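The lines below spell out each chain.
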Amino acid sequence: MADPMKMRATLKGDTAEVRVLMSHPMETGQRKGPDGKVVPVHFIQNVEVKLNGKTVIEGQTSQAVSRNPVFSFRLKGAKAGDKIEVSWLDNKGDKNRTEIAIA
Amino acid sequence: MRAVVCSAALWLALAPPVAAQSTEAEVEKYRKMIAEDNPGELWEIKGEKLFMQKRGSKNVSLEQCDFGMGPGVLKGAYARLPRYFADADRVMDMEARLLHCMKTLQGFDHKAALKTKFGNLNRESDLEALATYIAAQSNQMPIDVRLEHAKEKEAYKIGETIFYRRMSKMDFACASCHADQGKRIRLQDLYNATNKTEIDRVMSGWPAYRVSNSTVRTMQHRLFDCGWQMRLPNVEYGSDWTVALHTFLSVSANGAKIGVPGMRR
Amino acid sequence: MKTKHIVLQGVGAVLLAACASAPEPVVTEATIQRVVQSSFSQIEYQYPPEVVARTNQDEGQKMCTAVRNEVAKIPPAQLDAFVGKSMKEIKYPAGGELMGDWKQGENIAQSGYGMRFGEGADDPKRPNGGNCYACHQVAPQEIAFGTIGPSLLGYGKHRGASAAMQKFVYDKVYNAWVTFPCSNMPRFGHHGFLTTEQITHVVALLLDPASPVNK
């Protein structure tokens, strides 16, 4: 998916506060489209966070999360220069990822 | 190590909470949460891509578009808009100028370019993304709309006249809702255009992510939407009516530091 | 492209010099009409002239706009004539009964439907709403109310529901400018926004002792 993701990480001591803006329609499967037919479910199912290549968070999310979600979390034991990678996989098999180095 | 994301603060699109007194406090808290990470920033990123992309029948990017400071100059251009453009012989706001460049530089058809001018849950809007990117290049700069050309001065006066003009089936003028202090419609606070602090805050934040619409909205949409509620016919995008109002409001907010995308209900 | 740009700059400079001594622009109704003609019913939308005419002003709107709603500035003779004419134009329901059903009144107060165009246009076959809650507190159970107009809590309780009171409220909802010229309140009956029958329901919402407004 070409839709952008944006991540920010601020270091506070040895904890990085990370925020990721994701672009995704997060269709619940309840909404009717302009043709009157139900718009099928389309949502992020899995979110994975890697610190320096090692998976530290693996989350399963549901269609209850709203459109264009913001995920924020804390990573303990982080330091400047560490690489954080956030990737997601949705129920249609689409993926996206973004990566930053902690300043 | 597997763990459900537990310390994540999941952002949900909330309907306004029920209790009237604590409503404003809750909405304020929610707005602060979102303001720290504005989904509108995604539109800014998308807009930059679209801006650089070769598009239209002439297969050209928007990089040579002149937004008033010369072709290809974006930094600070939005802060000076609306302004007079000799090549079109009219005053234009940023969106009117963007449409102009899409037609003249890129070869877009007017009606076709505006088919998806306002996004919704079923369609994305290129214009909203482009507008966000262009406006963001004036971030941190003060609104600086100058009335030098005769048509600029006239646009201001026309805008002011329209602002106070009572019309249509509900006898509304813009001023009916936006010239009084501390009022609200249902639970939506109304800004007072005659209060410098409030007009500054409001005008410096367009385009803005509008939570209830799940997309970035621009001044053209705001004026369109107000007109809709005022029971007026739909106004044409970038028309003199909208540019006049935009000029009046922007001049009223001169000096306000631009910070886009802003955030709206 | 570069040459064209320099030429334009030259033209711009000449125009600026010419404008330095130009008088302040005067905006007349003709100016506004010129702007209307270029801004509505062009390329994106096509509307019949009577729809574009919604940007025009009727007599009352002109009068109030001229003084920016400061009624004291209207010449008394003009104001009296206007109010007198407005009163004569009020239409009453066929049966003459001015107090309808407060439950329907509450629906009318809650609904903002009617007379809008564009995406989400209102269906002219559906009844319009008065959207009272946009500006007023009405029944106490509804906390999502606006503050552009005064609270109407206990309206009937404090005033009773005599024939005179019913007529007063009916007239006010039909044409708010009869009692308060240039009020922010829309003239619902005058503009055909609410029917005479609908207005009787709003009267009941405010005056009927059984209405939640008066409990």
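Predicted model only: the values in this text are computed from it and were never measured.

Regarding its fold elements, chain C presents eight helices and zero strands. Walking chain C from its N terminus toward its C terminus, one meets helices and strands in the order α-α-α-α-α-α-α-α. Burial analysis of chain C (215 residues in total) assigns 34% to the buried set. In chain C, the proportion of contacts linking residues at least 24 apart, taken out of those at least 6 apart, comes to 57%.

Taken together, the contacts link 45 residues of chain B with 52 residues of chain C. For the side of chain B that touches chain C, the secondary structure elements donating two or more residues are α4 (110-113), α6 (150-163), α7 (174-178), β3 (184-185) and α10 (240-252) of chain B. The leading source of residues in the side of chain B that touches chain C is α6(B), at six residues. A breakdown of the residues in the side of chain B that touches chain C according to their chemical character gives 22 nonpolar, seven polar and 16 charged.

Residues and elements named next belong to chain B. Pairing in this open sheet of three strands is mixed, and the strands run β6-β5-β7 from one edge to the other. Here the strands that pair on one side only, and so sit at the sheet edges, are β6 (215-217) and β7 (262-264). If you compare each strand with its neighbour and ignore which way they point, the axes differ by 40 degrees on average. With three bridges connecting them, strand β5 (residues 208-210) and β6 associate as antiparallel partners.

Take the environment of Pro39(B) next. Relative to the elements of secondary structure, Pro39(B) occurs in the loop between α1 (20-36) and α2 (40-52). Accessibility expressed as a C-beta count within 10 Å gives 24 for Pro39(B), which makes it buried. Each C-alpha atom of the pair Pro39(B) and Ser214(B) lies 8.8 Å from the other, and the pair is 175 residues apart in sequence. Ignoring any residue separated from it by four or fewer positions in sequence, one finds Pro39(B) in contact with Leu21(A), Asn68(A) and Tyr209(B).

Our next topic: the confidence of the model for chain C. All names here are of chain C. With 90% of its residues at a pLDDT of 70 or more, chain C shows a mean pLDDT of 91. Low pLDDT, under 50, characterises residues 1-19; the predicted model gives this stretch 12 contacts beyond four residues in sequence or across chains. Per the prediction output, this complex has pTM 0.86; the corresponding ipTM is 0.88.

Below, the discussion takes up the packing of helix α6 (residues 102-110) of chain C against helix α8 (residues 196-207) of chain C. Residues and elements named next belong to chain C. In the contact formed by α6 and α8, the axes pass within 7 Å of each other and the chain directions differ by 105 degrees. Taken together, the axes of α6 and α8 are roughly perpendicular relative to one another. Residues Trp102, Gln104, Gly105, Glu106, Ile108 and Ala109 of α6 touch α8, and the partners they reach there are Gln198, His201, Val202, Ala204 and Leu205. Its residues assigned to classes, the contact of α6 with α8 comprises six nonpolar, four polar and one charged.

Now for the sheet that holds strand β3 (residues 44-51) of chain A. Whenever strands of a sheet pair, they do so through backbone hydrogen bonds, lying parallel or antiparallel. Residue and element names in this part refer to chain A. With respect to topology, four strands assemble into an open sheet ordered β4-β3-β6-β7, the strand pairing being antiparallel. Lying at the two open borders of the sheet, with one neighbouring strand each, are β4 (54-60) and β7 (95-101). Strand-to-strand twist in this sheet, taken as the mean axis angle between neighbours without regard to direction, amounts to 15 degrees. Bridging between strand β6 (residues 83-90) and β7 involves seven bridges; their strand directions are antiparallel. Residue lysine 83 lies in a different strand from β7, and its bridge partner there is alanine 101.

Leu98(B), Ile134(B), Ala244(B) and Val203(C) are the most contacted members of the largest nonpolar core, which totals 119 residues. Viewed by domain, this core spans two of them, domain 1 (1-56) and domain 2 (102-214) of chain C, each represented by three or more residues. Apart from residues lying up to four places away in sequence, Val203(C) is in contact with Leu98(C), Met99(C), Gly100(C), Gln166(C), Val169(C), Tyr170(C) and Val173(C). Listed in part, the seven residues of the second largest apolar core include Met63(C), Trp177(C), Val178(C) and Cys182(C).

This next bit is on α10(B). A rise of 1.5 Å per residue sets the reference length of α10(B), with its 13 residues, at 18 Å; its end C-alpha atoms lie 18 Å apart and thus fit the reference within 8%. Most of α10(B) sits out of view: 13 of its 13 residues are buried.

This part covers α2(B). Here α2(B) contains 13 residues, and its C-alpha end-to-end distance of 19 Å stays within 8% of the 18 Å for a straight helix at 1.5 Å per residue. Along α2(B), the residues classified as buried are Gly40(B), Leu42(B), Trp43(B), Glu44(B), Lys46(B), Gly47(B) and Phe51(B). On its buried face, α2(B) is in contact with β1 (5-12) and β2 (15-22) of chain A together with α5 (126-136), β5 and β6 of chain B.

Below, the discussion takes up the pairing of β4(A). All names here are of chain A. Strand direction decides the pairing type here: β3 and β4, joined by six bridges, are antiparallel. Paired with lysine 50 across the strands is threonine 55, a residue of β4. In this antiparallel pair of consecutive strands, β3 and β4, the connection spans two residues, and asparagine 52 shows a positive phi of 50 degrees.

Residue and element names in this part refer to chain B. The contact between α2 and α5 brings their axes to 7 Å, and the two run at 95 degrees. One way to sum up the angle between α2 and α5 is to call them roughly perpendicular. Packed against α2, whose contacting residues are Gly40, Trp43, Glu44, Lys46, Gly47, Glu48, Leu50 and Phe51, the element α5 presents Asp126, Glu128, Ala129, Leu130, Thr132, Tyr133 and Ala136 at the interface. Considering only residue class, the contact of α2 with α5 consists of seven nonpolar, three polar and five charged.

Moving on: the environment of Phe188(C). Residues and elements named next belong to chain C. Among the structural elements, phenylalanine 188 can be located in the loop between α7 (163-174) and α8. Considered as a pair, phenylalanine 188 and glutamate 106 are 82 residues apart in the sequence and their alpha carbons are 16 Å apart. When sequence neighbours within four positions are dropped, the list of residues in contact with phenylalanine 188 reads Gly130, Val173, Tyr174, Phe193, Leu194 and Ile199.

In this section: unusual backbone geometry. All names here are of chain B. Look at the link from leucine 81 to proline 82: it is a cis peptide, with omega at 10 degrees. Following the sequence through the fold, proline 82 ends up in the loop between α2 and β1 (83-85). Omega for the peptide link from valine 260 to proline 261 comes to -5 degrees, which places this bond in the cis form. Counting through the fold element by element, proline 261 comes out in the loop between α10 and β7.

The rules we used
Residues numbered from 1 in each chain as written. Chains lettered and ligands numbered in written order. Predicted model: local features only at pLDDT ≥ 70, side-chain atom pairs only at ≥ 80, totals over all residues. Helix = DSSP H or I, 4+ residues; strand = E, 2+ residues; numbered from the N terminus. Buried ≥ 20, exposed ≤ 12 C-beta atoms within 10 Å, placed from the backbone. Contact = placed C-beta atoms within 7 Å. Nonpolar A, V, L, I, M, F, W, Y, C, P; charged D, E, K, R; others polar. Pairing = 2+ DSSP bridges. Axes fitted to C-alpha atoms, helices over the stretch in contact; angles between N-to-C directions. pLDDT = per-residue confidence, 0-100. Parallel < 35°, antiparallel > 145°, perpendicular 65-115°, else oblique. Core = buried A, V, L, I, M, F, W, Y, C linked by C-beta atoms within 7 Å. Domains from an automatic or database assignment. Expected span 1.5 Å × (residues − 1).

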